Structure formats: C-alpha cells, structure tokens
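Commentary on secondary and tertiary structure
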Amino acid sequence: MAAPWKKFVVNACRELPVLQSFRRTVWKDSIRGGFVGMVGKTPLIRLEKLSEETGCDITVKVESSNGGGSVKDRAAVFLIKDALERGQLKPGGTVVEGTAGNTGIGLAHICNAMGFKCVIFMPDTQSQEKIDLLRVLGATVYPVPAVPFTDPDNYNHQAKRYAESLENAIWTNQFDNTANLRAHYETTGPEIWEQTAGKIDAVVFATGTGGTLAGVGKYLKEKNPNVRVFLADPQGSVLYNFIKHNKIERTEGSSITEGIGQGRVTDNFKEAPVDDAFAIYDKDAVYMTFRLLHEEGFFVGASSGINVAGAVEAAKKMGPGHIIATCLCDTGQRYYGRLFNREWLKSKGLLDCLPPEYQTTLH
Ligand SMILES: Cc1ncc(COP(=O)(O)O)c(C=O)c1O
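Read on for a plain summary of the structure.

What counts, and where the lines are drawn
- Residues numbered from 1 in each chain as written.
- Predicted model: local features only at pLDDT ≥ 70, side-chain atom pairs only at ≥ 80, totals over all residues.
- Pairing = 2+ DSSP bridges.
- Helix = DSSP H or I, 4+ residues; strand = E, 2+ residues; numbered from the N terminus.
- Axes fitted to C-alpha atoms, helices over the stretch in contact; angles between N-to-C directions.
- Core = buried A, V, L, I, M, F, W, Y, C linked by C-beta atoms within 7 Å.
- Buried ≥ 20, exposed ≤ 12 C-beta atoms within 10 Å, placed from the backbone.
- Contact = placed C-beta atoms within 7 Å.

**Points about the sheet that holds strand 9 (residues 276-280)**
The six strands are arranged 1-2-10-7-8-9 in an open sheet whose pairing can be described as mixed. Whereas interior strands pair on both sides, the edge strands pair on one side only; in this sheet they are strand 1 (44-46) and strand 9. Across this sheet, the average inter-strand angle for adjacent strands is 25°, counted without regard to direction. Bridging between strand 2 (residues 57-62) and strand 10 (residues 323-328) involves six bridges; their strand directions are parallel.

**Focus: the nonpolar core**
Counting 60 residues, the largest nonpolar core has Val203, Val204, Phe230, Ala232 and Ile324 as the members making the most contacts within it. Examining the composition of this core, we find that eight residues originate from one element, helix 13 (residues 302-318), more than from any other. Aside from chain neighbours lying at most four places away, what touches Phe230 is Ala202, Val204, Asp275, Asp276, Ala277, Phe278, Gly310 and Ala314. Formed by 36 residues, the second largest nonpolar core is a distinct cluster that contains Phe35, Phe78, Phe121 and Val141.

**Overview of unusual backbone geometry**
At Asn168, a residue that is not glycine, the phi angle is positive and equals roughly 45°. Within the fold, Asn168 resides in the loop between helix 7 (155-164) and strand 6 (169-171). Of note, Asn246 is a non-glycine position whose phi angle comes to about 55°, a positive value. If you trace the backbone, Asn246 turns up in the loop between helix 10 (239-245) and helix 11 (267-270). We classify Asn246 as exposed; it has 7 C-beta atoms within 10 Å.

Fair warning: the whole summary comes from geometry, so function is off the table for now.
If you want it as structure tokens, here you go:
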C-alpha cells in the first residue's frame with residue numbers, strides 16, 4: 001500500500017495545471033476523429049521470411065488497417081476533401097465514382113459519416129464481394145460492361161455523365177484528379193519516411209490510378225533523391241512498356257488482378273518519378289499471394305501479391321542490405337470466391353503455380 005505522503009503528492013500533482021494540460025494533449029493525440037481518423041497511420045511491417053531470403057528488409061504498409069479496409073481509403077478522403085474545399089459538394093449531395101471497388105468502399109464509408117449519397121459505376125469483371133459490400137454500405141452500384149477507356153460506355157465516362165445529370169453531385173474522378181496522389185504525398189510517403197527513420201532505399205507499387213506510386217514516389221524523392229521508385233505491372237497493362245520503352249503498348253495476356261494495370265497514362269501516373277519497372281506474371285503474383293498467407297501470415301488480394309513480388313525483384317536488382325517498402329492493398333476476403341477457389345484458379349490456369357501444401361486450404 002502507498003505511504004500517505006505518496007498519496008498526497010500524487011493527488012496534488014493531479015491538479016497541477018501542467019499535468020492537466022499534458023493529459024489533454026495525450027487525449028487529443030491518441031484519440032482520432034471519426035471515420036476519417038481511421039484512415040492512415042498504418043503499420044509498416046517487416047516480412048521476416050522474405051527479408052531473410054533476399055538480405056533486404058522487405059517491408060509492407062498494411063493498408064487493410066484503414067477503416068474501409070484498403071489503400072484506397074486514403075484517396076477517398078482526399079477526393080472528398082478536395083470537392084468540399086472547392087465548394088463542389090454541399091450538404092446532402094451525391095458522390096459518384098468509377099472504381100474497381102476499393103475507392104468506392106472508402107467513399108461509401110465517408111459518405112455515411114458525412115451525410116452524402118454514394119453512387120458507384122464498376123466494371124462487371126470485379127469481385128462479387130466488393131459489390132455486395134458496397135451495397136451493404138448503402139451505395140447504389142451499377143456494374144457495367146468492362147470496355148476500354150476510349151469507349152463512351154467505359155465505367156468512368158458513365159460515372160461522369162451520371163454526376164452531371166444530378167444537382168449537387170460530384171464525380172470524384174480518381175484517375176485524373178491529382179487530389180488522389182496528394183493523399184499519398186501527404187500521408188503514405190511521410191509515414192514510410194518516418195517509420196524507416198529516413199533510411200528507406202526503395203519503394204515498389206503496382207498502379208491502378210497511379211496515385212500511390214506518384215504520391216509516395218514524389219515525397220520520398222524530395223526527401224532523398226537516391227530513393228528508388230519501381231513500378232510492378234501486371235500482364236496486359238501498358239505501363240511496363242511505357243516506362244521501359246516509352247511506348248503505349250500492352251504486355252501480353254490479361255490479368256486476374258483487380259484494381260491495377262492500365263491502358264493509358266493517367267494524370268496521377270504522369271507525376272510518378274519512376275526509375276524502373278518489373279512485369280509480374282499472374283502465376284508469380286498468385287504464388288506470392290499464397291506465400292504471404294502460408295508463410296508470412298497475411299491474407300491479402302492479388303495486387304498485394306504483385307507488390308511483394310515486385311519488392312523481391314527490387315531486392316534482387318539492388319542487392320542485399322536495402323530497405324524496401326510496398327503495401328498490402330486490401331484483404332483476401334474481398335476475393336474469397338475466386339482467388340481462394342480451386343475451380344476458379346484451375347479455370348484461369350493458375351492452380352498449378354501453387355505447391356500442393358498451399359492448395360490444401362482452397363475451397
Ligand atoms: C486492390 C487494389 N490494389 C491496388 C490499387 C492501386 O492503387 P492506385 O490507384 O493508388 O494506383 C487499387 C486501386 O484501385 C486496388 O483496388
């Protein structure tokens with residue numbers, strides 16, 4: 001039991017104004033505000049096995065820790081903030097976006113928290129789990145045929161036209177609105193810099209809009225021009241050839257990954273200071289996705305698999321002793337019906353890239 005004089009000192013100190021103010025500061029700093037407070041400040045985790053194997057620190061920002069469960073929550077916050085700051089969105093308004101799903105999920109959460117309506121146009125090739133989740137969150141979802149950007153019925157053009165047909169509505173335009181890359185310039189980039197105490201050597205990202213790669217790349221290059229910025233590009237995207245050979249030409253095949261790969265250079269991607277690119281085949285992305293599950297303990301989607309496969313390529317290129325960062329974009333739950341299903345993998349010719357021990361947990 002504490003001596004009476006100790007109790008007296010403790011009680012007296014409790015009332016000291018400096019302590020009261022300290023308590024208030026701690027309170028303010030440790031409690032984050034609302035749903036938006038659930039976005040960012042994600043952990044940076046070292047993948048132990050892959051780091052040992054490559055001799056580099058392979059680290060991942062676990063972006064599923066964001067409130068809406070993906071890296072795209074960061075873009076969603078900044079797109080809405082941008083619309084509010086420009087006065088384009090007023091109370092009770094409608095947010096319209098074309099998305100592979102994750103940006104829409106982030107937007108739907110924020111719309112609920114801020115009293116906006118949310119309408120999502122999505123290519124009908126994306127997972128049912130993301131569509132279901134969007135509807136549960138209250139978004140109106142229009143899955144539309146997946147046609148190229150040059151087609152007027154591409155999901156982005158449909159989203160734009162729909163927003164223009166409404167009063168007090170905004171098309172957030174994640175591909176070409178650079179508020180998207182600002183999210184990563186102002187949050188993801190500084191977090192990686194601080195979490196590695198400025199020792200980061202390289203970052204690697206697959207891109208959809210290009211926001212993550214451009215924002216993080218720009219911020220880190222400004223802090224230290226020697227930080228290498230790499231693109232990891234899936235099959236069928238034009239960006240690998242754009243970086244390697246300065247031409248807009250798709251690599252062979254198409255990819256089962258969702259949310260990444262591009263047929264054009266978006267305004268966000270234009271600002272990405274990319275040093276080099278790796279073309280990652282689906283078989284390697286899927287293998288890495290399952291390695292992350294079975295050996296590192298992370299249940300993620302295939303874009304995370306591509307990111308980590310890209311980080312391993314960067315480690316091979318740079319040699320041991322470097323700190324390399326990428327992100328785990330979202331969780332495997334969003335792709336449960338496909339990526340973790342034996343028949344679906346078989347139909348895509350991807351079952352055989354998994355060793356028998358990884359196949360045991362397929363449904
Ligand atoms: C699962 C997933 N991974 C990665 C990305 C790519 O991020 P960015 O749009 O910042 O290039 C997306 C984008 O939609 C995504 O949905």
